[in-house]
Amino acid sequence: MSTVDWPARLLPQTCSLRLRKSGSMFTSPFNGTMQATDFMSERWILSVQLAEQSRRDPRGLESFIGGLSGGINRVRGWHFGKRGIPLGTLRGTPTLALAASFGDQQLALNNVVNGTTLLADDMLMLISGQLVQVSADALASGGLMTVNITSHIRETASAGSAVGWNRPYAQFMLPAMEAGAVWSPGRIHGVALDLVETW
């Protein structure tokens, strides 16, 4: 098994990053109320569409896809639609002010400049490799920033751990047992891939 970076020359034309919840849901047969149980182990689904290209352009396309098919090898993928940086103004080298434990949905950051922000939908990465999404705007004050996130922490991250904001990524696998490109004379048609976060 190997893990590779997403090739820069294969930047997707479209991208969808969705959070797949883990849990169960049922409807009462007596009064119709709905109940849900959260197992707190969400994972990201990354769907990308590569543009149609001339046959000279996508060097390595088929070998890249073929190497991922079957889920043995992994690729570091990020939210290509967001240019890899937050819409908020947070930059620098933020760290966790407090440990983040399993099930938490809030992060406390320090080493941040007062007045800097993270905005809802911005992405961050914990040193454990977990990709998280900001669920509400956050403002740094007193050197600290409290950040609410959409998913649960799945692995404890200790205080002082680095928090990445520049092109934060997760590891993805391609569960399809076969995948490839479709050719026509002089062209390679757009390729669609559905990748699943793995850890």
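That block above? That's the structure.
Residues numbered from 1 in each chain as written. Predicted model: local features only at pLDDT ≥ 70, side-chain atom pairs only at ≥ 80, totals over all residues. Heavy atoms only, no water.

1. Things to note about the overall build of the protein
The helix and strand inventory of the protein stands at 1 helix and 19 strands. Each principal axis of the C-alpha atoms in the protein carries an extent, and together these give about 60 × 55 × 30 Å. Across the protein, every contact between residues at least 6 apart in sequence was considered, and the portion connecting residues at least 24 apart equals 72%. Summed over its atoms, the accessible surface of the protein is roughly 10,600 Å², and 53% of this surface lies on carbon and sulfur atoms. (Helix = DSSP H or I, 4+ residues; strand = E, 2+ residues; numbered from the N terminus. Contact = heavy atoms within 4.5 Å. Areas by Shrake-Rupley, 256 points an atom, 1.4 Å probe, with all protein chains shown as cover.)

2. Considerations on the pairing of strand β7 (residues 74–78)
Consecutive side chains along a regular strand alternate between the two faces of the sheet. Across the 5 residues of β7, 4 count as buried, placing the element largely inside the fold. Note: strand β1 (residues 3–5) against β7, 3 bridges, orientation parallel. Directly across from Val4, in β7, lies its bridge partner Val75. (Buried < 20%, exposed > 50% of the residue type's maximum accessible area, 1.4 Å probe, protein only. Pairing = 2+ DSSP bridges.)

3. So, the pattern of salt bridges
On inspection of all chains with the given rule, the structure shows 3 salt bridges. As a salt-bridge pair, Asp5 and Arg76 come within 3.0 Å of each other at their nearest N and O atoms. Note that Asp5 is positioned in strand β1 and Arg76 in strand β7, a separation of 71 residues in sequence. One salt bridge in this structure joins Lys21 and Glu42, with 3.7 Å as the shortest N-O distance. Residue Lys21 is found in the loop between β2 (14–20) and β3 (23–27), and its partner Glu42 is found in the loop between β4 (34–38) and β5 (43–50); the two are separated by 21 residues along the sequence. Judged by its relative accessible area of 5%, Glu42 falls in the buried class. (Salt bridge = Lys/Arg side-chain N within 4 Å of Asp/Glu carboxyl O.)

4. A few points about the sheet that holds β5
Read across the sheet, 6 strands follow the order β1-β7-β16-β19-β5-β2 without closing on themselves; strand pairing throughout is mixed. Of all the strands in the sheet, just β1 and β2 have a single pairing partner and so form its edges. Each adjacent strand pair in this sheet contributes to an overall mean axis angle of 35°, direction not counted. Here 7 bridges tie β2 to β5, and the two strands are oriented antiparallel to one another. (Axes fitted to C-alpha atoms, helices over the stretch in contact; angles between N-to-C directions.)

5. A closer look at the pairing of β4
By the bridge criterion, 5 bridges tie β3 to β4 in an arrangement that is antiparallel. Residue Met25 lies in a different strand from β4, and its bridge partner there is Ala36. Between β3 and β4, which pair antiparallel one after the other, the connecting turn spans 6 residues, and Gly32 there sits at a positive phi close to 80°.

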